[in-house]
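Chain and residue survey
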Amino acid sequence: MNPPKATQTAAWLPAPGPNARIQIRHDIPVPSPGLNEVLVKLTCTGVCHSDVHNLLGQTPMTTHIGGHEGIGHVVALGPGCSEHLLSKRVGVKWLHTYCNVCEICALDETGCPHQHNSGRDVPGTFQQYTIHPVEGLTLIPEELSSESAAPLLCAGLSMYGSISRAGLKAGEWLVLPGAGGGLGHLGVQIAREMGYKVIAVDTGERKRELCLQLGASVFLDFKIDDVEMKVRELTNGYGAHAVVCLGGAAAYKQAWGYLRNCGTLVCVGLVPDKGAMPSPFEMLQHSWRVVGSTVGTGKHLEALLRMAEEGKVIARVEVREFEELEDVLERLGRYEIEGRVVVRIPE
Ligand SMILES: [Zn+2]
Ligand SMILES: [Zn+2]
C-alpha cells in the first residue's frame, strides 16, 4: 500500500448558499490521524439529498467538504489504534463522533447533543482521504461491493432507523410517501423484511414497477389516486398504523388524512414548514405519536448489513465519476434520480 500523499483531490465548497457551486481542487492537504483515529483512503461515496440542502445553505454546514456515504480502506493509524485495522475496508457515515457518555447516548447515540457529522461540521467523503475515529467505524462485509454498500450508510440506515422507530408489529400497515427514491426504495425492502405491509406512495409507471418488484403490497400514485381514500379502504377504514414520511410539505399534510388514531408518524423528509404539522388539538383528538428520526444507530447498521449480505436488501445504484458530482447534485435537487448515485473517487 502506498503511503498517503501530502495533498489530495477534493470537491471544495467555498461557502454554502443559493448559487453555491463546488470546485474540484487538487491542493487540499491530506489530514493526519490523531489519537484513536484512522486515515481512510476513499474509493467511492454515495450522494445524498441532504448534501444538496447543505450546499444551498438550507441546513447548516460549516465544513468545505460534503458527503457522508463513503467506503474506503484504512491506510494509516493514529496513536492508540490496533494494527489489525490497517487495510480494512470501512464505511464513513453521517454520525462521525458522539460522546458515548451522556444520558442521550445511553438511549440512542444518533441524538447525542455533542455529535459531529461528516460533511456538516467535519470534512466529509467528497475527497480522497478522510479521518475517522475508531469508535463507530463500520467494517464492510466482503460479500458487498463498495458501490452497493455506500448507499446503506445513510439512505439505508436512515430507513432502518426510522422504520424501527415507528414501533410496528408484524403484519401492520406502513405507508411510505416517496417510496421510489434513494431512501424509499431501500425502505420498501427493509419494511418487507421486518414483516410489515407496505403501501408505497410515489408517482409514475417506473416507480410503480420498482416498488412492487421490491415487495410493496400496494402502490398509490399521488398524481392519479385518491391516496387518503385508498389507504382507508385497505385498512378497514381506520387508516395506516404508521407513516414514515420521506416527502415534502405536501406529503406530510396528506399523511394526517390517512394516519389512524393512535398511529405514529415518523419525520424523515427535511421540511422546515411548520404548517406541515397538525395543531396540538388535532394531535390529542387523534392520540397521534410523532417521532423525529435522522439516521439509525450502530446496532441498526449491523442488522441492515446482515440483511444486505443475505441479498434481502439491495440498493439500486448508478455509478458516476467524481468530475460529474456537480451535475449529480443538480439532478438530485430536481428530484430526477431514481435509486442512488455513487461517485468513484479518483485513485
Ligand atoms: Zn444522507
Ligand atoms: Zn452523547
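To start, this report covers the structure provided alongside it. (Residues numbered from 1 in each chain as written. Chains lettered and ligands numbered in written order. Predicted model: local features only at pLDDT ≥ 70, side-chain atom pairs only at ≥ 80, totals over all residues. Heavy atoms only, no water.)

Remarks on the coordination of the zinc ion (ligand 2)
Protein coordination of the zinc ion (ligand 2) is provided by C99 (SG), C102 (SG), C105 (SG) and C112 (SG), with donor distances spanning 2.3 to 2.4 Å. The site at the zinc ion (ligand 2) holds 4 donor atoms, and with the angles between them running 98 to 120 degrees, its shape is tetrahedral. Sequence positions of the donors to the zinc ion (ligand 2) reduce to the motif C-x2-C-x2-C-x6-C. With C99 in the loop between β6 (95-97) and α2 (103-107) and C112 in the loop between α2 and β7 (116-117), this pair connects stretches of sequence that are 13 residues apart. (Donors = N, O, S within 2.8 Å, 3.2 Å for Na, K, Ca; no water. Tetrahedral: all angles 85-135°; square planar, octahedral: opposite > 155°, others 65-115°. Helix = DSSP H or I, 4+ residues; strand = E, 2+ residues; numbered from the N terminus.)

Regarding the packing of helix α4 (residues 155-165) against helix α10 (residues 298-309)
At a minimum axis separation of 9 Å, α4 and α10 run at an interaxial angle of 115 degrees. Relative to α10, the element α4 is oriented roughly perpendicular. Relative to α10, α4 is oriented so that their crossing is right-handed. Counting all contacts with α4, which are made through G156, L157, Y160, G161, S164 and R165, the residues of α10 involved are H300, L301, A303, L304 and M307. (Axes fitted to C-alpha atoms, helices over the stretch in contact; angles between N-to-C directions. Parallel < 35°, antiparallel > 145°, perpendicular 65-115°, else oblique. Left-handed = near helix turned anticlockwise from the far one by under 90°. Contact = heavy atoms within 4.5 Å.)

Topic: the packing of aromatic side chains
With the rule as written, the count across this model stands at 1 aromatic pair. An angle of 45 degrees between the planes, with centres 5.0 Å apart, marks the rings of W256 and W288 as tilted. Pair noted here: W256 is in the loop between α8 (249-255) and β14 (259-267) and W288 is in the loop between α9 (280-286) and β15 (289-292), with a separation of 32 residues, a long-range link. Neither residue differs from the other here; W256 and W288 are each classed as buried. One cation-aromatic arrangement involves R25 over W12; the distance from NZ or CZ to the ring centre is 4.8 Å. (Phe/Tyr/Trp six-rings, centres within 6.5 Å; stacked < 30°, edge-to-face > 60°. Buried < 20%, exposed > 50% of the residue type's maximum accessible area, 1.4 Å probe, protein only. Lys NZ or Arg CZ within 6 Å of the ring centre and 35° of its normal.)

Quick word on α10
Each α-helix turn comprises 3.6 residues. Residues three or four places apart therefore point the same way. Taking 1.5 Å as the rise per residue, α10 with 12 residues should run 16 Å; its terminal C-alpha atoms sit 16 Å apart, in good agreement. Those residues of α10 lying buried are H300, L301, A303, L304, L305, M307 and A308. Structurally, α10 contributes buried residues whose contacts are with β9 (138-139), α4 and α5 (184-194). Of the residues one or two after α10, G311 is the one with positive phi, at around 75 degrees. (Expected span 1.5 Å × (residues − 1).)

Quick word on unusual backbone geometry
The residue N36 is not glycine, and still its phi comes out positive at about 55 degrees. Mapped onto the elements of the fold, N36 is located in the loop between β2 (23-29) and β3 (37-46).

So, the pattern of salt bridges
If you walk through the whole model with that rule in mind, you get 16 salt bridges. R192 is the partner of E193 in a salt bridge, and the nearest nitrogen-oxygen pair spans 3.2 Å. D202 is the partner of K207 in a salt bridge, and the nearest nitrogen-oxygen pair spans 3.8 Å. Neither K207 nor D202 differs from the other in exposure class; each is buried. Put simply, E318, R320, E324 and R331 are held in one network by salt bridges that share partners. (Salt bridge = Lys/Arg side-chain N within 4 Å of Asp/Glu carboxyl O.)

As for the nonpolar core
In terms of nonpolar packing, the biggest core is built from 50 residues, with L152, I163, L174, L176, I190 and V244 touching the most fellow members. Once residues lying within four places of it in the same chain are set aside, the contact partners of I190 are G156, M159, Y160, I163, L304, M307 and V313. Membership of the second largest hydrophobic core comes to 31 residues, among which are L13, V74, V92 and L332. (Core = buried A, V, L, I, M, F, W, Y, C linked by side-chain atoms within 4.5 Å.)

Notes on the side chain of S162
Inspection of the secondary structure assignment puts S162 in helix α4. For S162, the residues in contact, after removing those within four places along its chain, are V244, V266, V268 and S293.

Comments concerning α5
Burial of α5 is extensive: 9 of the 11 residues sit out of reach of the surface. For α5, the secondary structure elements touched by its buried residues are α4, β10 (173-177), β11 (197-202), α6 (205-213), α10 and β17 (340-344).

Purely spatial values, then, with no claim about function.
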